[in-house]
Each structure stands twice: as structure tokens, then as C-alpha cells.
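Chain and residue survey
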Amino acid sequence: MRVTRYPAGMTQLSPAQREALGALLRAAPFAKVVRDLGERFAQRGHELYLVGGTVRDALLDRASPDVDLTTDASPDQILAVVRARGWDDGVWLQGVRYGTVGVRKGDFRLEITTFRSDVYREGSRKPEVTFGRSIEEDLARRDFTVNAMAMRLPDGPFVDPHAGLADLAARRLRTPSSPAVSFEDDPLRMLRAARFAAQLELVPTQDTVAAITERRDRLQIVSRERIRDELEKLLLGRAPAKGLWLVVNTGLADEFLPELPALALEQDPVHRHKDVLRHTIAVVERTTAFDADDPDLTLRMAALLHDIGKPRTRRLGPDGVSFHLHEVVGAKMAERRLTELRYPADFVADVRQLVLLHLRFHTYRLGWSDSAVRRYVRDAGPLLDRLNFLVRSDCTTRNVFKARQLAAYSDELEERIARLEAEEELASIRPPLDGRQVMALLGIPPGPLVGKALAHLLELRLDRGPIPEDEAVQALREWARAEGLDLPDA
């Protein structure tokens, strides 16, 4: 593998990094496919490079989910290469007007893009694409230097005209061109900076932070869907707090999630050592302890939004500050914000329910009957584990005694749930009779009255636990008489 020479003072490839890049071309799962493709492009007089996150992640010894390639070939020429002698197993052309051809080869999905530059014109929500002529020109338009490194296929060299390797070694986030120009060209890069702070724990330079602060309102021209996708990646990073603080401190959050910085104005009477914003970001960070191996977007989003109702419900009374029903208000606010960001309806509903239920646990210390535990499980439904993780994450107090007490309550509640689950199959709680039995016993047709009867039976089941069928029949008859229904002969 050949490596480009570096100017004086630039970090050289270490032996480990040289080996990592060599392995990228030899042993990566997609290595044979991309080397073969590189040879095919070379035979036709074209250049082909692995680029961006694929190269960056190899240097960090991380698996990369993407296989991104760039070339001097036009989209038509790319198609000619991959289709020659039936090499490809399918192509997709949704991005062809932006210079990108998608290719499937066996189990791999590749994206091959013509050298290009992207620019957002004033007021436009979509970039205008112009094709470039060299790998250096293509790398110069990349978002950050750590993503502006490339490997020519099939055998090198490694290309790093903007010292991305040095920045990666220093954990530094910097743009290839001036940050002001870069963020004017593509405002979404400002949010990507926060995403890379969360994912890779890279620290933006002072110039980068200043440019985000000055140009944050440019984010308004970016589609909600693209903002949503970057927010997801930020929250799923290994250090989401770093990204969240960046979007708050630069004012960028005001452009897409204004409810978050608004929390800095509200003092939390429970966690008196921190305002609600600091508490919220701490809760998001704590969720990573529960889902580090498999980051859970629903849980982390609920952690981010669980207290957003506090500013609207803040009241100052004789006993100090209160936030009565902030979970109810917050659930509605979360639903509106996530819908505006174009999240799927089922995801929105799940986050809304977690926000709505996150405070219920705090009444547990007052003493819960088995009936209350059943209702907690019933209302949480398939979100029960996430709700319990959110409750545990919500404990950020520095008071050691309080923290231990809350952890003990959580342990006790989960033990009770497990016991009742073993005895009663809590996850599948249903009325002791079904709709057909209700109609036959009461002599009524399908309709709202059947639902009302079933709701009454479900409440009995939640109160009493498992009910034998004969007792359920008797309870149904008693309910019907109280409702003034004429019962058929038994």
C-alpha cells in the first residue's frame, strides 16, 4: 500500500494505522468486492476511491456501516462499468441526479458518487450539485477533515490533503475550508458537528464553534427529515451529552428543538444542584449505561424530552417551585415536536407514553397495592423495560442516601412485577370473559355496551388478580343489574 508524503509537522501514519488501512483493502468484509471494482474502473481509465467514514472508521479501528466510494467517472460511466459482463446484482438510481449510483453486489450495498461539490442557494432546502474533476477537489468540499481522507482502489495510495489524520489523532473537528464557507454551503454540517462530538467525542475548534453560533439560523433551510436523521445519530452516540451541549451552547438547538434550551431557565426543586437542562442532559447520558450494547432511540429520546413540560407548568407557591402535571403537558409537547420533525407515528406514540408515565414511579414510596402494580404494567405495555430504565436514569441526585433509596424502590418494584408476572402473566392481562361470552350472558348485540362490560371486568381483574370464570359471570350479572339491564334467564 502506497502512502502520500506529508508536509513538515503533519502526523504520519503509525504502523498500526498503516496496518488498519492495509486490512481495509485486504480483510474487510467488502475488500474483495471493492478491489475488484477498483480494477474494473482502472481498466476503463477511471479513478475509484474509498472515502469518508469508511476510511476514518478503519483508522479508529471501528466497524463502518457504510461503503462510500467516489470517482471521476460520470453516472453514465459508472453504470457502464458496474453493468459490464453482468458484474452487478442490481442498481438503484434515486440519487443519480446528485451523481450517486447505488449498486448491490452479493450482500453489499455500495454508493458510488462522481466527484462533486454541494452548495445550498439562499432559501433553498436542497443542495445544488456540480461535478468535480479531481479527488482533491472532492475532498475539499467534504464536511470535516476527518472525513476528507481517501484510499485509491485497488491498492492505494492514501490521500489526505487536509491533515485529517492529524485532526483524528488530536480528536479535533475542523472543516477543510473555512467553517463560515463550509456551513454556508451546507448548513446541516453544523448539526453534523454535534453528531461527531457525540459519536466520536471529537472537539470542534473555536473557529468551528464560532461559525455555528453566527450561522445557526441557516439551519432553517434544511429539511426536517435531514435534521431528524442527524438528531437520531447524535442521540445514539456513545457520548450524547457532548453533542447536546454543543447544540445548546451555540444556539443551534433553538432552530430545531427550542424546548431543550428553554429548560435552562427552570430550577428543579428536586435536583437542586442543577437546573432542569443539566438534569435532562445527565439523564440522557445515564441511559447509555442501560443500552450501551444496543442503543435505543426510543429510550434516549424519552430521556431528552421527559421534562420539557416544566417551563409551562412552573408555579411558585408557599412551598417553593412546583411543576404540577408537567408530565401531561410534556407528553403533548413531545408529540408535537416529534411530529414536526417527521418521526413515524408509532415512535411518537411510544415516546409520548414514556414521558406521560415517567413520574408515576415516584408515588411508589407511598405504598402500592398489587392492583397498582398491575395497572403500571398494563399502562406501560411493551414499553415496561424502557420505562423502568428511564425511571432509574432520572435519578441524578448527588444525595447518596436518596440515590440508594430510589434504587432500592426500583429494585423492589421490579421484583414485585416479576413475581406477579410469574403468577398471573401480567403482560397479557385481559378481562376474565371475552366479548362473545358477555353478549351471550347479557343477551345483547355487538356495540358500545359490550365494551363497557369488558372494561368493568378488566378493572376487576386488575384489582383482584386472576378471577375464576364462575366468579366473573356472577360479577358481570351484578354489574348488569346495577346498570338497569334486563338479564335473560340463566
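None of these values were measured; they are calculated from a predicted model.

1. Details of the overall build of the chain
Secondary structure summary: the chain contains 23 helices and 13 strands in total. Viewed in the frame of its principal axes, the chain has a C-alpha envelope of about 90 × 60 × 45 Å. When burial is assessed residue by residue, the chain has 51% of its 490 residues classed as buried. Summed over its atoms, the accessible surface of the chain is roughly 23100 Å², and 49% of this surface lies on carbon and sulfur atoms. Taking the average location of the 72 positive side-chain charges in the chain and that of its 75 negative ones, the two points are 4 Å from each other.

2. Overview of the pairing of strand 1 (residues 48–51)
Burial along strand 1 is two-sided: the residues Leu48 and Leu50 and Tyr49 and Val51 are all buried. Inspection of the sheet shows strand 1 paired to strand 8 (residues 150–152) by three bridges, in the antiparallel sense. In the sheet register, Leu50 faces strand 8, and the bridge partner there is Met151.

3. Side note on helix 11 (residues 240–249)
Spacing of three or four residues puts side chains on the same side of an α-helix, whose turn is 3.6 residues. Burial analysis of helix 11 places seven of its 10 residues in the buried class, which makes it a mostly covered element. For helix 11, the full list of buried residues reads Pro240, Ala241, Gly243, Leu244, Leu246, Val247 and Val248. One or two steps after helix 11, the chain reaches Gly251, where phi turns positive at roughly 85°.

4. Let's talk about the nonpolar core
Across soluble globular proteins, nonpolar side chains have a tendency to be buried as a group. In this structure, Leu50, Met301 and Leu305 are the most contacted members of the largest nonpolar core, which totals 110 residues. Looking at this core element by element, the count peaks at eight residues for helix 8 (residues 188–200). Non-local contacts of Met301, meaning those with residues more than four positions away in its chain, are made with Leu231, Leu235, Leu338, Tyr343, Phe347 and Val351. Counting residues in hydrophobic clusters, the runner-up holds 16 residues, among them Val450, Ala453, Ala475 and Ala480.

5. So, a negative patch on the surface
Taken together, Asp434, Glu469, Asp470 and Glu471 make up a surface patch of like negative charges. Position of Asp470 relative to the elements: it lies in helix 23 (residues 469–482). With relative accessibility at 57%, the residue Asp470 sits in the exposed group.

6. A closer look at the sheet that holds strand 1
An order of 3-4-5-2-1-8-9 is seen for the seven strands of this open sheet, with the pairing classed as mixed. With one partner strand each, in any of the chains shown, strand 3 (91–92) and strand 9 (158–159) form the two edges of the open sheet. Here strand 3 pairs with strand 4 (residues 100–105) via two bridges, running antiparallel. Residue pairing in the sheet places Trp92 in a bridge with Gly102 of strand 4. Packing of helix 2 (residues 31–43) onto the sheet brings it into contact with strand 1, strand 2 (68–71), strand 4 and strand 5 (108–114), and relative to strand 5 it is tilted by some 35°.

7. Notes on empty space enclosed by the protein
Inspection of the entire model under this criterion finds one cavity of 30 Å³ or more. Considering the residues around the largest cavity, the lining is formed by Phe361, Tyr376, Asn388, Val391, Ser410, Leu413 and Glu414. Contributions of two or more residues to the lining of the largest cavity are made by helix 19 (384–393) and helix 20 (400–424). Broken down by element, the lining of the largest cavity gets its largest block of residues, three residues, from helix 20.

8. A short note on the environment of Ala84
With respect to the secondary-structure elements, Ala84 resides in the loop between helix 4 (75–83) and strand 3. Take Ala84: its relative accessible area is 13%, and that puts it in the buried class. Spatially, the C-alpha atom of Ala84 lies 73 Å from that of Gly443, the residues being 359 residues apart in sequence. With residues near it in sequence (within four places) discarded, Ala84 still touches Arg40 and Arg44.

9. Comments concerning the packing of helix 19 against helix 20
Two numbers describe how helix 19 lies on helix 20: the axes approach to 10 Å, and their chain directions differ by 165°. Considering their axes alone, helix 19 and helix 20 lie roughly antiparallel with respect to each other. Helix-helix and strand crossings are classified by hand; for helix 19 and helix 20 the assignment is right-handed. Touching Leu384, Asn388, Val391 and Arg392 of helix 19 are Ala407, Ser410, Asp411, Glu414 and Ile417, all from helix 20.

10. Some remarks on helix 20
In this model, helix 20 (25 residues) spans 36 Å end to end at C-alpha, consistent with the 36 Å of a helix rising 1.5 Å per residue. Residues Leu406, Ser410, Leu413, Arg416, Ile417, Leu420 and Glu424 constitute the buried set of helix 20. Considering only its buried residues, helix 20 is in contact with helix 18 (370–380), helix 19 and helix 22 (448–464). Of the residues flanking the start of helix 20, the one acting as N-cap is Asn399, its side-chain oxygen 3.0 Å from the backbone nitrogen of Phe401. Of the residues trailing helix 20, Glu425 is marked for its positive phi of about 55°.

11. Quick notes on the side chain of Asp275
Take Asp275: it is sitting in the loop between helix 12 (259–262) and helix 13 (276–291). Of the side chains with opposite charge, Arg278 comes closest to the buried, unpaired Asp275, at an N-O distance of 4.7 Å.

12. Comments concerning the packing of aromatic side chains
In this structure the tally under the stated criterion is eight aromatic pairs. Members of the aromatic cluster, connected to one another through ring pairs, are Phe361, Tyr364, Trp368, Tyr376 and Tyr409. It is Lys105 that lies over the ring of Trp87; its NZ or CZ is 4.8 Å from the centre. Against the face of Phe196 rests Arg195, its NZ or CZ located 4.5 Å from the ring centre.

13. Quick notes on the confidence of the model for the chain
Summary statistics for the chain give a mean pLDDT of 86 and a share of 92% for residues scoring 70 or more. When pLDDT is averaged over each helix and strand of the chain, the minimum, 66, is found for strand 6 (residues 116–119) and the maximum, 98, for helix 11. Across residues 1–11 the pLDDT falls below 50, and counting only partners more than four positions away or on other chains, this stretch makes 27 contacts in the model.

14. Some thoughts on the side chain of His306
For His306, the position within the fold is in the loop between helix 14 (297–305) and helix 15 (310–313). Engagement of the side chain of His306 in a polar contact is seen with the side chain of His279, the distance being 3.4 Å. Those residues in contact with His306 that lie beyond four places of it in its chain are His279, Thr280, Val283, His326, Val355, His358 and Asp394.

15. Here's the deal with the environment of Leu458
Its location among the elements puts Leu458 in helix 22. Considering only alpha carbons, one finds Leu458 and Ile429, 29 residues apart in sequence, at a separation of 8.1 Å.

The rules we used
Residues numbered from 1 in each chain as written. Predicted model: local features only at pLDDT ≥ 70, side-chain atom pairs only at ≥ 80, totals over all residues. Heavy atoms only, no water. Helix = DSSP H or I, 4+ residues; strand = E, 2+ residues; numbered from the N terminus. Buried < 20%, exposed > 50% of the residue type's maximum accessible area, 1.4 Å probe, protein only. Areas by Shrake-Rupley, 256 points an atom, 1.4 Å probe, with all protein chains shown as cover. Lys, Arg positive; Asp, Glu negative; His and termini not counted. Charge placed at Lys NZ, Arg CZ, Asp CG, Glu CD. Pairing = 2+ DSSP bridges. Core = buried A, V, L, I, M, F, W, Y, C linked by side-chain atoms within 4.5 Å. Contact = heavy atoms within 4.5 Å. Patch = residues over 30% accessible without salt bridge, like charges linked within 9 Å, V, L, I, M, F, W, Y side chains within 5 Å. Salt bridge = Lys/Arg side-chain N within 4 Å of Asp/Glu carboxyl O. Axes fitted to C-alpha atoms, helices over the stretch in contact; angles between N-to-C directions. 1 Å grid on protein atoms, 1.4 Å probe; cavity = no way out; pocket = protein on both sides within 12 Å on 5 of 7 lines; lining within 4 Å. Points joined across faces, edges and corners; volume = space filled by probe spheres on them. Parallel < 35°, antiparallel > 145°, perpendicular 65-115°, else oblique. Left-handed = near helix turned anticlockwise from the far one by under 90°. Expected span 1.5 Å × (residues − 1). Polar contact = N/O pair within 3.5 Å; in protein donor to acceptor, adjacent residues only side chain to side chain. Phe/Tyr/Trp six-rings, centres within 6.5 Å; stacked < 30°, edge-to-face > 60°. Lys NZ or Arg CZ within 6 Å of the ring centre and 35° of its normal. pLDDT = per-residue confidence, 0-100.

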